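Inside the fold
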There are 4 protein chains.
Amino acid sequence: MTADAELRLRADARRNRDQIIAAAKQVFGESGPEAPMEEIARRAGVGIGTLYRRFPDREALIRGVARDNFAAVLAEARAAAAEEQTAWQALVRLIGRSSELQLSVQLGLVSPVARQVIRSDPATAEYREAILSELDDIVRAAQAEGALRDDVGTGDVALIVSMLLRPLPLADGESATLMRERVAALLVDGLRPGTRLPGRPITGAELRP
Amino acid sequence: MTADAELRLRADARRNRDQIIAAAKQVFGESGPEAPMEEIARRAGVGIGTLYRRFPDREALIRGVARDNFAAVLAEARAAAAEEQTAWQALVRLIGRSSELQLSVQLGLVSPVARQVIRSDPATAEYREAILSELDDIVRAAQAEGALRDDVGTGDVALIVSMLLRPLPLADGESATLMRERVAALLVDGLRPGTRLPGRPITGAELRP
Amino acid sequence: MTADAELRLRADARRNRDQIIAAAKQVFGESGPEAPMEEIARRAGVGIGTLYRRFPDREALIRGVARDNFAAVLAEARAAAAEEQTAWQALVRLIGRSSELQLSVQLGLVSPVARQVIRSDPATAEYREAILSELDDIVRAAQAEGALRDDVGTGDVALIVSMLLRPLPLADGESATLMRERVAALLVDGLRPGTRLPGRPITGAELRP
Amino acid sequence: MTADAELRLRADARRNRDQIIAAAKQVFGESGPEAPMEEIARRAGVGIGTLYRRFPDREALIRGVARDNFAAVLAEARAAAAEEQTAWQALVRLIGRSSELQLSVQLGLVSPVARQVIRSDPATAEYREAILSELDDIVRAAQAEGALRDDVGTGDVALIVSMLLRPLPLADGESATLMRERVAALLVDGLRPGTRLPGRPITGAELRP
DNA sequence: TATGAATGAGTGTTCATTCAT
DNA sequence: CATGAATGAACACTCATTCAT
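Predicted model only: the values in this text are computed from it and were never measured.

**A word on the overall build of chain A**
In terms of helices and strands, chain A carries 11 helices and zero strands. For chain A, the α and β elements follow one another from N to C terminus as α-α-α-α-α-α-α-α-α-α-α. Split into buried and exposed, the 209 residues of chain A put 49% on the buried side. Across chain A, contacts joining residues at least 24 apart in sequence account for 68% of those joining residues at least 6 apart. Within the structure as shown, chain A displays about 9,800 Å² of accessible surface, and the carbon and sulfur contribution to it stands at 52%.

This is the structure in structure tokens:
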């Protein structure tokens, strides 16, 4: 029904909605999901009233952004699985940064406010399930290839991705890139078969907020 | 002089000051360094005016907390180096969580506000240098032991610690502990000699804010 | 552009802006330009938020009041020059009280805060120049008429006006009026030709803040 | 009784009290009688607690300053009358500035808070009566000398003095001095016999707050 | 429907005054 | 008695949200 409602929007309203979501993604990425609503409206080029007509409060806006963002991440995961030669390569590609994935981590893991909102949104939950299920397939396949150690679960992988993607406000430019690449390489090294991890694999299911 | 000034505080003022720092550590840890000042005052059991007499503005409070916290981390690092059998074990002990270290990461890396304040505080800067120098010794010793791969620098290690210690608001209790332990183990595995990392080792000096 | 911006205000916003300026004039006149903002908002019949939307801080409000007030004083000076038979009469009329002129003195001479704000506002500066230039004409004309001693300059006259108009919180009603009239008369007597003043005439230019 | 109480103070307490009054005179002169109490305590070199022990609240401090100040002005007036050759010269000397007299004007005429306090203090009232009575004598004598126009009363003179002594924050140094001298000269010119003033003389009695 | 104006609750900070040391 | 610590009320300013145009 919500989806239907969105489809029925007039063209200009639709355009406004899209611009608001895009602006909110930017602003949430920069300043987190507690950023002033007016800043988002300004960035979207609409009045604050228009923003509130489309999203009656901050929660609704976070919900809208989260849905859009999770859908994008799902698409990326599917593309990686479909286009890469091996599951391991798909995994490495995913661990490599994408700004949508980074925003997902912000919304779903870092910001308490956003977590709370997302937790109670069935639509977002569905996307999350789909993403985790896709990741699950990739993880199993990579293990079948012998490229990924057997004692990690989808949850372990997701956790690692989430740690890597947290914003790292240290150096700028190349330096930051170098740092991130090296930490990623260290983690990837750790994911290779060879040693034993403590405990049991963490499943994707355990990551539900 | 500041230290002297602090020592000369009347007994009750001293007690209040300590309670305020303690409360601020808690609250900053939970809600970050932009948390309401009144919340901190309440938690410390003092009036808002008392807080402001001791720390004339938020910056001063952040500075006070950072100094106290960095001093504690330095002590922990020295204790680990002194008490563990090998440098590698000292390193692993450090990578294992400590709430003081976690707060350091919050203040020094995650929060832009706190970073800005710390950056311009010479006292905190001294502690940071001392901590990095201590870590430097440990890293070199562990490499001499053959326990740590040669192509990582102090900066790489510090980065990894900082990633691990970023708050992970997922599950509570055992589950969170398990997750953290496993990610730590993956990273530790990655730190073992065996493969090559891209780029060059990152030094501690590169982490200066 | 500012003027344009003001013209473009929606009717209700315009009305509120005017009420705020009017209230601020009152309150500034009574309690000076450090009076509580809430008092001004209450007097204007608007919420505090509305006041701050229109004038983002106290400085902006002072600036708004000063412009409005200086414009009114300029109009009064021109009217006096145009409507009175002689320049001397115009001068006497100006020296006689006007509440706008009194507020100008408050803002431009008495209150250090307001002086500081006005000093850095080009729009107000223009009004001040225009007022002084108008006064200059009147002073010269009155001297040409032989009605005003030659050894005073525009600055002397402005100073005298400013002294006369400083709030005199002594008696109320008739009594205050009588007092002011007599002091004005004494000063006017002093302005008549006859004796010599020490020093040189003070020019209007010397009164720039 | 109050006076008695003051006399009985221990030497050190007496010294503190005097320093506080002196500091308050300075600070009131600079920032008006609403200046922070701590500033006064600091300037006096005592703790804020000591200030409050001596003067239980701001009113009491203002009262203390006003008594001290009015006493000093009375002494100055008597000295002028006694030491100058003619009453007119005594008058001119009084109109010339004295910082005590200036403070009196601040307290008794300009600041609403101080006025309110002084109004209800009998001790200050007595001083004021004495000052006005002294001034009365001078004015009458100057009129008898033929040096002062007959149609002004003590109140007129006091008003003029109060206008002249209001702080004039315009220029600094020489310029300010020049301005003040010229305005004083204009007023003195106005006080010479020659023309008629409107209304009737204002008596000193009419100046009671 | 889009806009941006109005509102007021929330938070930072200052300072007069009281009170423990 | 002197000191300076503690308190909380007061005020500036911001921002989420509602509502008139």
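Once you've had a look at it, read on.
**A short note on helix α5 (residues 58-83) of chain D**
Compared with an ideal rise of 1.5 Å per residue, which puts 26 residues at 38 Å, α5 of chain D spans 37 Å between its outermost C-alpha atoms and is within 8% of the ideal. Among the residues of α5 of chain D, A60, L61, I62, G64, V65, A66, N69, F70, V73, L74, A77 and A80 of chain D are the ones counted as buried.

**Here's the deal with the protein's contact with DNA strand F**
As a structural note, the neighbourhood of DNA strand F is formed by 33 residues, with N16, G47, T50 and R53 of chain B together with R58 of chain C the closest of them. Protein-proximal atoms of DNA strand F, defined as those within 4 Å of the protein, fall in sugar or phosphate at a share of 67%. Taking T50 of chain D, its side chain carries an N or O atom lying 2.6 Å from a phosphate oxygen of DNA strand F. Of all the elements in the fold, those that place two or more residues in the surface near DNA strand F are α4 (48-54) of chain A, α2 (11-31) and α4 (48-54) of chain B together with α4 (48-54) of chain D. Class assignment of the residues belonging to the surface near DNA strand F gives a composition of 15 nonpolar, eight polar and 10 charged.

**Overview of the nonpolar core**
Formed by 125 residues in total, the largest nonpolar core has its most connected members in F28 and L61 of chain A together with F28 and L61 of chain B. For L61 of chain A, the residues in contact, after removing those within four places along its chain, are I20, A24, F28, M37, I40, L51 and F55 of chain A.

**Quick notes on the side chain of D121 of chain D**
Residue and element names in this part refer to chain D. Inspection of the secondary structure puts D121 in the loop between α8 (112-119) and α9 (122-144). For D121, the side chain forms a polar contact with the side chain of R67, separated by 2.6 Å. Setting aside residues up to four positions removed in sequence, D121 forms contacts with R63 and R67.

**A look at the protein's contact with DNA strand E**
Looking at DNA strand E, there are 34 residues lining it, with T50 and R53 of chain A, R58 of chain B together with N16 and R53 of chain C nearest. Here DNA strand E approaches the protein such that, of its atoms within 4 Å, sugar and phosphate make up 66%. Here a phosphate oxygen of DNA strand E and a side-chain polar atom of T50 of chain A are 2.5 Å apart. Secondary structure elements with two or more residues in the surface near DNA strand E: α4 of chain A, α4 of chain B, α2 (11-31) and α4 (48-54) of chain C together with α4 of chain D. Here the surface near DNA strand E is built from residues that sort into 16 nonpolar, eight polar and 10 charged.

**What to know about the UniProt feature "DNA-binding region" (unreviewed entry) in chain A**
Following the UniProt record, the feature "DNA-binding region" (unreviewed entry) maps to residues 36-55 of chain A here. A helix fraction of 75% and a strand fraction of 0% characterise residues 36-55 of chain A, whose end C-alpha atoms lie 14 Å from each other.

**Looking at the pattern of salt bridges**
Under the criterion given, the structure shown has 58 salt bridges over all chains. With its nearest N and O atoms 2.9 Å apart, the salt bridge here joins E100 of chain D to K25 of chain D. On the criterion of sequence distance, the pair formed by E100 of chain D in helix α7 (residues 99-110) and K25 of chain D in helix α2 (residues 11-31) is long-range, its members being 75 residues apart. Residues E100 of chain D and K25 of chain D agree in their burial class; the two are buried. Residue D136 of chain D is joined to R140 of chain D by a salt bridge in which the shortest nitrogen-to-oxygen separation is 2.6 Å. Of this pair, D136 of chain D and R140 of chain D both sit in helix α9, four residues apart, which is roughly one turn of the helix. Residue R140 of chain D is classed as exposed on the basis of its relative accessible area, which comes to 54%. Among the charged side chains, a salt-bridge network with shared partners connects E30, E39, R42 and R43 of chain A.

**Quick notes on the environment of L101 of chain C**
With respect to the helices and strands, L101 of chain C occurs in helix α7 (residues 99-110). Aside from chain neighbours lying at most four places away, what touches L101 of chain C is V73, E76, L94, V161 and L165 of chain C.

**A closer look at the packing of helix α5 (residues 58-83) of chain C against helix α8 (residues 112-119) of chain C**
Residues and elements named next belong to chain C. Where α5 meets α8, the closest approach of the two axes is 9 Å, and the angle between their N-to-C directions is 80°. Regarding the angle of α5 to α8, the classification is roughly perpendicular. Together, E59, I62, R63, A66 and F70 of α5 and V113, A114, V117 and I118 of α8 make up the contact between the two elements. In the contact of α5 with α8, the residues fall into seven nonpolar, no polar and two charged.

**Here's the deal with helix α7 (residues 99-110) of chain A**
For α7 of chain A, a buried count of 10 out of 12 residues is recorded, marking the element as mostly surrounded by other parts of the structure. Elements that come into contact with the buried residues of α7 of chain A comprise α2 (11-31), α5 (58-83), α6 (87-95), α8 (112-119) and α10 (154-165) of chain A.

**A few points about the side chain of S162 of chain D**
All names here are of chain D. Looking at where S162 falls in the secondary structure, it is placed in helix α10 (residues 154-165). A polar side-chain atom of S162 sits 2.8 Å from the main-chain carbonyl oxygen of L159. Ignoring anything within four residues of it in the chain, the contact list for S162 reads V105 and L109.

**Some words on the environment of G29 of chain A**
All names here are of chain A. Mapped onto the elements, G29 comes out in helix α2. The exposure class of G29 is partly exposed, given its relative accessible area of 46%. Put simply, G29 and S104 are 75 residues apart on the chain and 9.7 Å apart in space, counted from C-alpha to C-alpha. Not counting residues within four places of it along the chain, the set of residues in contact with G29 comprises A24 and L103.

**Here's the deal with the packing of helix α6 (residues 87-95) of chain C against helix α9 (residues 122-144) of chain C**
All names here are of chain C. Look at α6 against α9: their axes get within 8 Å of each other, and the N-to-C directions meet at 130°. Viewed along their axes, α6 and α9 adopt a mutual orientation that is oblique. Two packed elements cross with a definite hand, and for α6 against α9 that hand is left-handed. Here A87, W88, A90, L91 and L94 of α6 lie close against α9, whose contacting residues are L135, I138, A141 and A142. Each residue belonging to the contact of α6 with α9 can be placed in one class, and the counts come to nine nonpolar, no polar and no charged.

About the cut-offs
- Residues numbered from 1 in each chain as written.
- Chains lettered and ligands numbered in written order.
- Predicted model: local features only at pLDDT ≥ 70, side-chain atom pairs only at ≥ 80, totals over all residues.
- Heavy atoms only, no water.
- Helix = DSSP H or I, 4+ residues; strand = E, 2+ residues; numbered from the N terminus.
- Buried < 20%, exposed > 50% of the residue type's maximum accessible area, 1.4 Å probe, protein only.
- Contact = heavy atoms within 4.5 Å.
- Areas by Shrake-Rupley, 256 points an atom, 1.4 Å probe, with all protein chains shown as cover.
- Expected span 1.5 Å × (residues − 1).
- Near = heavy atom within 4 Å.
- Polar contact = N/O pair within 3.5 Å; in protein donor to acceptor, adjacent residues only side chain to side chain.
- Nonpolar A, V, L, I, M, F, W, Y, C, P; charged D, E, K, R; others polar.
- Core = buried A, V, L, I, M, F, W, Y, C linked by side-chain atoms within 4.5 Å.
- UniProt positions renumbered as here; feature names shortened; annotations may be inferred.
- Salt bridge = Lys/Arg side-chain N within 4 Å of Asp/Glu carboxyl O.
- Axes fitted to C-alpha atoms, helices over the stretch in contact; angles between N-to-C directions.
- Parallel < 35°, antiparallel > 145°, perpendicular 65-115°, else oblique.
- Left-handed = near helix turned anticlockwise from the far one by under 90°.

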